[in-house]
Amino acid sequence: MYENILYEVKDHVGYLTINRPKALNALCTAVLEEIDDCLDTKIAPDNDVHVVVVTGAGRAFVAGADISEMQTKPVLEGHDYTELGHKVMDKIDNSPKVFIAAVNGFALGGGCELSMACDIRIASEKALFGQPEVGLGITPGFGGTQRLPRLVGKGMAKYMILAAKNVKADEALRIGLVQQVVPAEELMPTVEKLAKSIAAKAPIAVQQSKMAINNGMNTDLRTGCRLEIEGFQQCFASEDRVEGMSAFVEKRDPVFQNK
Ligand code: CO8
């Protein structure tokens, strides 16, 4: 039983909600440890869940790392805290499952970083993104200096990080930080529909595509294309590839078995 997060599964989709609304879902150590545990013990071993939605309870997605907690930390403990945050973000980023951030409100600092560790970001019109850390005397510490430029380019990332410029949902869409913006009341239905549509695809094909994109972005084009060939070959050897192509030829919906 968790105190700061909620996790449930509906129709083969996992829903992870950061549930500390009084502190705008700030990521204190306890929250990060609970997310870490949930990723290891509930999400990773569940072969029925291929897509996970991450959102926040109340008016924020996540308003950042917990500033009150950080304020009291000596230097070394602070280092452990940033390691813990990175560990959680890396687990999400490198998971074979697809993570969708349903960004319902403030996504600042560690909140923006949590959304960027996810594969896809869908935002409510009320969402606000930013990396305000330099105003607190720190750099982004959960991957922001690395994931933000990879998503929006170096210039815009520097504008947001060095000048601590927040961007509203429409601007986040324009710069490619989010993939879709919807009215607040449509956020969860939109994300649910997207999650189900991904969950209905061949899991091995979705996983291999995610891995090829992620690993390819960290290498040169030639090596990336080799990674794609390896992933493609694994898919081609799978039963789900036979099912997907047979279903097309037979003009019916495929039934994938994750084999
Ligand atoms: N940490 C702790 N508490 C927070 C945080 C936070 N990040 N954000 C909000 N809260 C708390 C407030 O203190 C307040 O608590 P209380 O009611 O007890 O006073 C409650 O949430 C509601 O907040 P506000 O009253 O401030 O609500 P407003 O609507 O007036 O403002 C804002 C909302 C604009 C989001 C404002 O709360 C704010 O600016 N929050 C801080 C945003 C921020 O700077 N985030 C970045 C944090 S640093 C970070 O994420 C670095 C990550 C890497 C760390 C690595 C460490 C080694």
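Everything quoted here is computed from the prediction, not taken from an experiment. (Residues numbered from 1 in each chain as written. Predicted model: local features only at pLDDT ≥ 70, side-chain atom pairs only at ≥ 80, totals over all residues. Heavy atoms only, no water.)

Asks: Honestly, the pattern of salt bridges in this entry has me stumped. Any pointers?
Replies: Side-chain pairs of opposite charge can arise where the charged atoms are in close proximity. Summed over all chains, the structure comprises 13 salt bridges. Between D11 and K196 there is a salt bridge; the shortest N-O distance is 3.4 Å. Of this pair, D11 sits in the loop between β1 (5-10) and β2 (13-18) while K196 sits in helix α8 (residues 187-199); the two residues are 185 residues apart in sequence, bridging distant segments of the chain. For the salt bridge of K210 with D119, the shortest nitrogen-to-oxygen distance reads 3.0 Å. Residue K210 is found in helix α9 (residues 203-217), and its partner D119 is found in the loop between α4 (110-117) and β7 (120-124); the two are separated by 91 residues along the sequence. Judged by relative accessible area, which is 24%, D119 ranks as partly exposed. It is possible to trace a salt-bridge network through shared partners that takes in D36, D40, K87 and K91. (Salt bridge = Lys/Arg side-chain N within 4 Å of Asp/Glu carboxyl O. Helix = DSSP H or I, 4+ residues; strand = E, 2+ residues; numbered from the N terminus. Buried < 20%, exposed > 50% of the residue type's maximum accessible area, 1.4 Å probe, protein only.)

Asks: Is there a simple way to think about the nonpolar core in this case?
Replies: Nonpolar side chains tend toward joint burial in soluble globular proteins. Ranked by size, the top nonpolar core spans 49 residues in total, and within it L27, I35, F129 and L177 carry the most contacts. Examining the composition of this core, we find that six residues originate from one element, helix α1 (residues 29-43), more than from any other. Counting residues in each nonpolar core, the second largest holds 13 residues, with Y15, I100, I122 and V191 among its members. (Core = buried A, V, L, I, M, F, W, Y, C linked by side-chain atoms within 4.5 Å.)

Asks: I keep staring at the sheet that holds strand β8 (residues 128-130) and nothing clicks. Help me out?
Replies: Across a sheet, strands are paired by hydrogen bonds formed along the backbone, either parallel or antiparallel in direction. Reading across from one edge, β4-β6-β8-β9 is the order of the four strands in this open sheet, with mixed pairing throughout. Two strands bound the open sheet, and with one partner strand each, they are β4 (60-62) and β9 (167-168). Taken together, the two bridges between β8 and β9 define a ladder with antiparallel strand orientation. Its bridge partner lying in β9, F129 is registered against V167. Across the face of the sheet, α4 comes into contact with β4, β6 (106-108) and β8 while running at roughly 75° to β4. (Pairing = 2+ DSSP bridges. Contact = heavy atoms within 4.5 Å. Axes fitted to C-alpha atoms, helices over the stretch in contact; angles between N-to-C directions.)

Asks: It is not clear to me how helix α10 (residues 221-236) should be interpreted in this structure. Could you clarify?
Replies: Structural remark: α-helix, 3.6 residues per turn; residues separated by three or four positions point the same way. Over its 16 residues, α10 runs 22 Å from end to end, which matches the ideal 22 Å to within 8%, given 1.5 Å per residue. Of the positions making up α10, those classed as buried are G224, G231 and C235. The buried residues of α10 occupy one face: seen down the axis, they fall within an arc of 45°. When the buried face of α10 is taken as reference, the exposed residues oriented beyond 90 degrees from it are R222 and Q233. Taken together, the buried residues of α10 touch α9 and α11 (239-249). Its side-chain oxygen placed 3.2 Å from the backbone nitrogen of R222, D220 serves as the N-cap of α10. (Expected span 1.5 Å × (residues − 1). Arc of directions from axis to C-beta. Polar contact = N/O pair within 3.5 Å; in protein donor to acceptor, adjacent residues only side chain to side chain.)

Asks: Could you clarify how one ought to interpret the domain arrangement of the chain in this entry?
Replies: The extent of an interface is frequently quoted as the accessible surface area lost upon association of the parts. Split into domains, the chain comes out as domain 1 (5-199) and domain 2 (202-250). For domain 1 and domain 2, the distance between their C-alpha centroids amounts to 27 Å. The interface is formed by 12 residues belonging to domain 1 together with eight residues belonging to domain 2. Here domain 1 meets domain 2 over a buried area of about 710 Å², counting both sides, of which 51% is carbon and sulfur. Sorting the residues of domain 1 by area buried against domain 2 places H50, P96 and R150 first, and these three jointly supply 50% of that buried surface. Where domain 1 touches domain 2, the interface holds one salt bridge. At the junction of domain 1 and domain 2, the tally comes to six residue pairs in polar contact (both at pLDDT 80 or more). (Domains from an automatic or database assignment. Buried area = accessible area lost by both parts, 1.4 Å probe.)

Asks: Explanation requested: the environment of Q180 in the structure shown.
Replies: Mapped onto the elements of the fold, Q180 is located in strand β10 (residues 180-182). A relative accessible area of 35% places Q180 in the partly exposed class. For the pair Q180 and L227, spaced 47 residues apart in sequence, the C-alpha separation works out to 29 Å. What Q180 contacts, discounting residues up to four positions off in sequence, is R121, I122, A123, L173 and T190.

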